[in-house]
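# Fold and geometry: a report
One letter stands for each residue in the lines below.
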Amino acid sequence: MIRAIASKEFTQYWRDGRVVTVFGIVALLGLAATVTGWSAVSAMERERAAAVAMDREIWDTQGLKNPHSAAHFSRYAFQPTFNLAVFDPGLTEYVGNAIWLEAHYRDPATLRPIEDAVEIQRIAQLNPAWVIQVFAPLLIFVLLYGAVAAERESGTLRQLMAAGVRPVSLLLGKAVSAFSLTGLLVCGVLVGSAFLMSAEGIEALPDTGLRTVGLVVLYLVYLAVFVFLALGVSALSSRSRTALAGLLGIWIVATVLGPRVGPEVAGALAPAPSAPEFAARLERESSDPFWGSSEEAVERRQRVMDGLLAEYGVETVAQLPINYDGYLLQASEEFGNEVFDAMYDELWGSYERQRAIARVFALISPTLAAQNVSMALAGTGIHAYRHFADEAEQFRREFVLLLNQEMIDHGGAEGYAYVSGNDFWEQNPDFEYAAPGIGAAVRGVWGDVMILLLWLALAIAVAAAGVRRGFLGEMAA
Amino acid sequence: MLEAKELTKSFGEVRALRSLTVRIGPGQAMCLLGANGAGKTTAINLFLAFIEPSSGSAWVNGHDVQRDPIGSKRHLAYIPEQVALYPSLTGLENLEFLADLSGRRDYGTDDLLRFLERAGLDSLAAFRRVSEYSKGMRQKVAIAAALARQASAFLLDEPLSGLDPGAANDFTNVLGDLRHDGAAILLATHDIFRAMELGTTIGIMKSGELVEQLDPGSVTGAELEKIYLDHMRGGGAGGQA
Amino acid sequence: MIAPAILAHERRALLQDRLPVVLLGLFALICLFASLRGAEKREAMEEAATAFEAEHLQQASDWRERVVAVESGAVAPEDDPWAGLAMDVARPAVAAPGPLADFSQGVTAVHPFTSGVSLWRSVDRLFGNYQFQSPNEIRAGSIDLAFAVLFIMPLVMIALAFGALSRDKDTGRLGLLLSHPISVRELVRSKLLVRLGAVFVILVVALFAGLFIGAGGVPGGERLGRFGFWFLAASGYFAFWAGAIYWSVSLNRKSETTAMMMIGFWVLNSLVGPAVLAAAAQLIHPAPSQLAFLSTARAVSNEAYRSRSDVMQGMLLDHPELTVENYTIPEYIRVSYLVTQTVDRSVEPVLDDFEAVQRRRQAFLSLMQYAAPAALAMRSINEISGTDLARQVRFEVEVRDYKRVIARQVEGKVLSGERLTVAEVDAVPSYSFRESDLGAVGRNVLFPIGYLFALGMLAAALARRNLVRLQTRFREA
């Protein structure tokens, strides 16, 4: 029974010019997006590989230099763009690619690709995930708006009932056909992306296999939500015209309004600190209370000196067996690090609060929830970015400590005049970034997963109730 | 007055209407009989300028309907098989709107109610929403609209099908009154007996052609039915299935 | 030719029907939210810009006081050896938000608008750390009047108008209506006049509300002038959509087909068009690699530092007059200056490249935008608002030039290690960003806006032709 209905549906799709056109356009867009995504990611990775090599070379050949001066020049941490970004670049364009690991300061990631982008890219960025998130639901709605309503209008619903079709068979028959057609599209885009992702020069995320499975499941659930919603609305509408209007309304709210309104309202309710103000504060609070001329700063430096003199049991700095300037620099780093921790916690906290508020809007927009989960699985979400930034910061601290230690241990009386050479630089470690596994990736998006499942349950309930009501109504007629 | 001169309409290969020439003067009613697809509705659509003739012309009170579709419609009233109105409005409100469309914004509620009454709709029903109306009641609103704009030519496309005998009788009576008041009426119908009752001329159409014109006074109902069936069985396209 | 009966009927229908009222109310609400939010963001930016400028000017003024004190003899020169150090000349450069930044946020969310210009910073570092915005927020884009007009308004127009003809046709009323002495054109035009007119009224009210809300009172002349163009652009976009809707209605298709066609057109124009154009502009005119730029600047800086004695030698050969015997200030200052200058010189061609690429992209889009009216309208609207990319690029170029001007002016004193005099300090120019004048904006946007009107009129003319044909044919299959 279900097979008969599904096969009839396929024939109807095939004969409906509108369906073929929409499917063709979406498939073409998916293809274009995949190729664009691949070319963008491989270009970014090529550039990154070159930059990493160059960074090492510059470091190794800086010649004679005071280690602390070197810490000011320091090095960069370059954020890798992993394979799954071909499919869903998520925040890739909106976060910086490079973090300067300089002494005394925790820099934000700079060089955000969006700054180079033409302004109309702010409207929409072509990528495979976006094509699926936005256009697959539209395709589903075009396929299914008349699923029940049109059968009723044309009187074929009565005939189906007379032939003994049960509501659940009708529901599943229609669902299976639309679901498999759009599922084909999703799988096509994912397979295409996966093929290009494995191209040379693109680094694989840990658990790529699992993540890909996760993405497939995510998008199948996502499609199912819209399939059942469409069936439900079609069954509850007296006419297919009304069903179409209602579904287009849902589409606009879910894919166009929700993903924009959510973060905007969140930004209004829980504003993130203003960028210039935050930058100024970060610089001031990490530096002035230590290096400034205020009483507090002078006392703080005095305490560092007193503590050190006491530790070595000497009277003056000159008697110290280590270089005091280096020690003071490192003490200032440790002071600064606490400030950075507090302030960056505040910054990340504000992002998190915004995300929590925006998530409420996933209740009217499953797309918003799907986007969050998709980015997390693709390793391009906010948590992946934070993980990178935190790891880079950890490395910065160790690296600056290493350089200060060099000055402390060997600077002696020379202090700032002490210089190290290339043989020392060459021994210094590189920043090796290891992205987190899938467990850490999904931890931040459980809420979104739950909301999606809630949507699925709701959509199935609406569809079941709608089709049952449609049958009852037809019997009463 | 309704007049067709050599009115012909083809849809691709299909000749829907062949060279129809009729003249329906004031106080005259022509009833067209014929199977589905015989060309009755095509003729009415041509008088309404809803389609273009392949050749020939249709005239309403001296207006060529193709050259002056709006002018010709000032005199026309059209009652389709299914009169569709705005379901959320009352009968009276629908009538008011239709009268407005004809440029008659000067009627008061009493005037409109009078038209409805003449069309056979009681004033209680006039204040109910059209969504509750039967097919016959909706037709009465359309007739009232025709009265309101003082139409002198009526095109009716199978208005009787689906009406219960009582309603059909009422309807025929109203049309009879209109004819007596000088209206020219073209009525397409399957109902031979109503046609006899109302028509001043009976036309039988087959495959787009007016094959017979009869004076209802010259034949009995049974004879007319026999003539009609003979034509239908006479072979050719458009025969009754 | 408008039928008063239909006007009256439509007005009543519009107000009685719940859906159009809800949609219009929603549109008005979004516009209001957009205005308030836009004003809030603009104000925050303005405050940040003003605070930044005030703080830096204060620092500059404190610094000048020290020079005054030394010059007037109030402070002995040896007590403040750093007073008037030419290398320390620093000035703020700020671009306050564009005159209508509250109407359209454009690129302002991601680009710097403040710079602490200092000789210590090479031109690639002039804009400090501003990349603190929430990546999720900038990815989502903002809800401003531009969004309401470019995206929401056409949707509301479509929702209200798609059934203008087909609704009566689907319900079988059209035959009865057209048997009355009224033309199809009158019927359609009267209906569209009421339905689209309602949207336009809300648009006008919303724009004027935005004008006053954003100005926080009576708007000034510059704002009013820009507003005039903005209003024209919004009206042009409205006219374009009104024409498109008129045309699709005139095709006399089923309601569902008309609705699908219009939504399809919206998707192509508003989402796919801009996304594809943006991708094409960036594919055809790729930006130089930011990472490579960074590496170049660092390599040059490293190289210049390493061979500082050569650099210094070169400088002295060029400027024998700067061989000062009693050079008292530390050598590293001169070195830093020379290193920074070397970096500035060597990154200049790369920066020029970036600028050239942006210019080429703008040229490409200026032509191609005619294929995607939403992109065209957005670019015009951003330019009018003073939030376009070209303006941003101009600001950044001007700031770099400004640094060069300061450097040229005080270079002699930096290299000779002499103090600046008060007169020399006062001779350092200050920077102020000048908005492009109204005439220039007008010259750039009038043609694109005219194109929108022309498209609308063309579509209306085609629609009129269709409807005239339909008048005597509407029942022909």
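What counts, and at which threshold
Residues numbered from 1 in each chain as written. Chains lettered and ligands numbered in written order. Predicted model: local features only at pLDDT ≥ 70, side-chain atom pairs only at ≥ 80, totals over all residues. Helix = DSSP H or I, 4+ residues; strand = E, 2+ residues; numbered from the N terminus. Contact = placed C-beta atoms within 7 Å. Rg over C-alpha atoms; globule rule 2.2 N^0.38 Å. Buried ≥ 20, exposed ≤ 12 C-beta atoms within 10 Å, placed from the backbone. Nonpolar A, V, L, I, M, F, W, Y, C, P; charged D, E, K, R; others polar. Pairing = 2+ DSSP bridges. Axes fitted to C-alpha atoms, helices over the stretch in contact; angles between N-to-C directions. pLDDT = per-residue confidence, 0-100. Core = buried A, V, L, I, M, F, W, Y, C linked by C-beta atoms within 7 Å. Expected span 1.5 Å × (residues − 1). Parallel < 35°, antiparallel > 145°, perpendicular 65-115°, else oblique. Left-handed = near helix turned anticlockwise from the far one by under 90°.

### Focus on the overall build of chain A
- Assigned secondary structure in chain A consists of 17 helices and 2 strands.
- Across its three principal directions, the C-alpha atoms of chain A cover 105 × 45 × 35 Å.
- Put simply, 86% of the contacts in chain A that link residues at least 6 apart link residues at least 24 apart.

### Focus on the overall build of chain B
- When helices and strands are counted, chain B shows 9 helices and 10 strands.
- Here the C-alpha atoms of chain B give a radius of gyration of 18 Å, agreeing with the 18 Å that 2.2 N^0.38 yields for 241 residues.
- Dimensions of chain B, computed from the C-alpha atoms along their principal axes, are close to 55 × 40 × 30 Å.
- Within the span of chain B, comprising 241 residues, buried residues form 49% of the whole.
- For chain B, contacts bridging at least 24 residues in sequence account for 70% of all contacts bridging at least 6.

### Here's the deal with the arrangement of the chains
- If you rank the 2 pairs of chains in contact by how many contacts each has, first place goes to chains A and C.
- Over all C-alpha pairs, chain A and chain B never come within contact, reaching a minimum spacing of 15 Å.

### Overview of unusual backbone geometry
All names here are of chain B.
- Phi angles above zero are rare outside glycine, and Glu158 is one such case at about 45°.
- Structurally, the position occupied by Glu158 is in the loop between strand 7 (153-157) and helix 7 (165-180).
- A positive phi is found at Ser207, a non-glycine position, where the angle reads about 50°.
- Relative to the helices and strands, Ser207 is located in the loop between strand 9 (201-206) and strand 10 (209-214).

### Some remarks on the environment of C:Leu32
- Following the sequence through the fold, C:Leu32 ends up in helix 2 (residues 18-71).
- For the pair C:Leu32 and C:Ala209, spaced 177 residues apart in the sequence, the C-alpha separation amounts to 7.8 Å.

### Examining the interface of chain C and chain B
- Each partner contributes residues to the interface: chain C has 23 residues there, and chain B has 26 residues.
- Among the elements that make up the side of chain C that touches chain B, the one with the highest residue count is helix 6 (residues 174-178) of chain C (4 residues).
- Here the side of chain C that touches chain B is composed, by residue class, of 10 nonpolar, 9 polar and 4 charged.

### Some remarks on the sheet that holds strand 8 (residues 184-189) of chain B
Residue and element names in this part refer to chain B.
- Read across the sheet, 6 strands follow the order 6-7-8-3-9-10 without closing on themselves; strand pairing throughout is mixed. Looking at strand neighbours, the two that pair on one side only are strand 6 (76-79) and strand 10, the edges of this open sheet. In this sheet, neighbouring strand axes are inclined to one another by 20° on average, regardless of whether the strands run parallel or antiparallel.
- Relative to strand 8, strand 3 (residues 29-34) runs parallel, the two sharing 5 bridges. Paired with Met30 across the two strands is Leu186, which belongs to strand 8.

### Some remarks on the interface of chain A and chain C
- In this assembly, 68 residues from chain A lie in contact with 63 residues from chain C.
- Broken down by secondary-structure element, the contributors of at least two residues to the side of chain A that touches chain C are helix 2 (17-60), helix 4 (128-144), helix 9 (240-269), helix 10 (275-291), helix 12 (324-360) and helix 14 (382-410) of chain A.
- Among the elements that line the side of chain A that touches chain C, the one with the most residues is helix 9 of chain A, at 14 residues.

### Quick notes on the confidence of the model for chain B
Residues and elements named next belong to chain B.
- Per-residue pLDDT for chain B has a mean of 88; in total, 97% of the residues score no lower than 70.
- Segment residues 236-241 is flagged for pLDDT under 50; beyond a separation of four residues in sequence, or across chains, it makes 12 contacts in the model.
- Here the complex is predicted with pTM 0.91, and the ipTM for its interfaces comes to 0.89.

### A look at the sheet that holds strand 5 (residues 63-64) of chain B
Residues and elements named next belong to chain B.
- Spatial strand order, 2-1-4-5: 4 strands in an open sheet with antiparallel pairing. On the outer flanks of this sheet lie strand 2 (14-24) and strand 5, each paired with one strand and no other.
- As defined by bridge partners, strand 1 (residues 2-11) adjoins strand 4 (residues 55-60) across 5 bridges and the pair is classed as antiparallel. Note on strand 4: the bridge partner recorded for Lys5 is Ser57.

### Quick notes on the nonpolar core
- Formed by 355 residues in total, the largest nonpolar core has its most connected members in A:Val227, A:Ala230 and A:Leu231.
- Residues within four places of A:Ala230 in sequence aside, it is in contact with A:Ile140, A:Phe141, A:Leu144, A:Tyr145, A:Ala147 and A:Leu247.

### Here we look at helix 6 (residues 135-148) of chain B
Residue and element names in this part refer to chain B.
- Taking 1.5 Å as the rise per residue, helix 6 with 14 residues should run 20 Å; its terminal C-alpha atoms sit 20 Å apart, in good agreement.
- Of all the 14 residues making up helix 6, 13 are buried; the element is thus mostly covered by neighbouring parts of the structure.
- Gln150 sits one or two positions beyond helix 6 and adopts a positive phi of about 55°.

### Focus on the packing of helix 1 (residues 4-16) of chain C against helix 7 (residues 184-215) of chain C
Residues and elements named next belong to chain C.
- Contact geometry of helix 1 with helix 7 gives a least axis separation of 9 Å together with a crossing angle of 40°. With respect to each other, helix 1 and helix 7 are oriented oblique. For the pair helix 1 and helix 7, the sense of crossing is right-handed. Where helix 1 approaches helix 7, its residues Ile6, Leu7, Glu10, Arg11 and Leu14 are matched on the opposing element by Leu187, Ser190, Lys191, Leu193, Val194, Arg195 and Ala198.

### Observations regarding the pairing of strand 6 of chain B
All names here are of chain B.
- Across the two faces of strand 6 the burial is the same, with Leu76 and Tyr78 and Ala77 and Ile79 all buried.
- The pairing of strand 6 with strand 7 spans 4 bridges and is parallel. Considered in strand 7, the bridge of Ile79 is made with Leu156.

### As for helix 13 (residues 366-378) of chain A
Residue and element names in this part refer to chain A.
- Taking 1.5 Å per residue as the helical rise, helix 13 with its 13 residues ought to reach 18 Å, and the 18 Å between its terminal C-alpha atoms agrees with that figure.
- Judged by how many residues are buried, helix 13 sits mostly within the fold: 13 of 13 residues are covered.
- Looking one or two residues past helix 13, Gly379 carries a phi angle of roughly 70°, positive in sign.

### Quick look at the confidence of the model for chain A
- For chain A, mean pLDDT is 90; residues scoring 70 or higher make up 100% of the total.
- No element of chain A has a lower mean pLDDT than helix 1 (residues 2-15) of chain A, at 81, and none a higher one than helix 13 of chain A, at 96.

### A few points about the packing of helix 10 of chain A against helix 12 of chain A
All names here are of chain A.
- It is at 9 Å that the axes of helix 10 and helix 12 come closest, and there the two elements cross at 155°. It follows from the interaxial angle that helix 10 and helix 12 lie roughly antiparallel. Taken as a pair, helix 10 and helix 12 cross one another with a handedness that is right-handed. When helix 10 is examined against helix 12, the residues Phe278, Leu282, Glu285, Ser286, Phe290 and Trp291 are found in contact with a partner set consisting of Ser332, Phe335, Gly336, Val339, Phe340, Met343 and Leu347.
- Across the contact of helix 10 with helix 12, the residue classes tally to 9 nonpolar, 3 polar and 1 charged.

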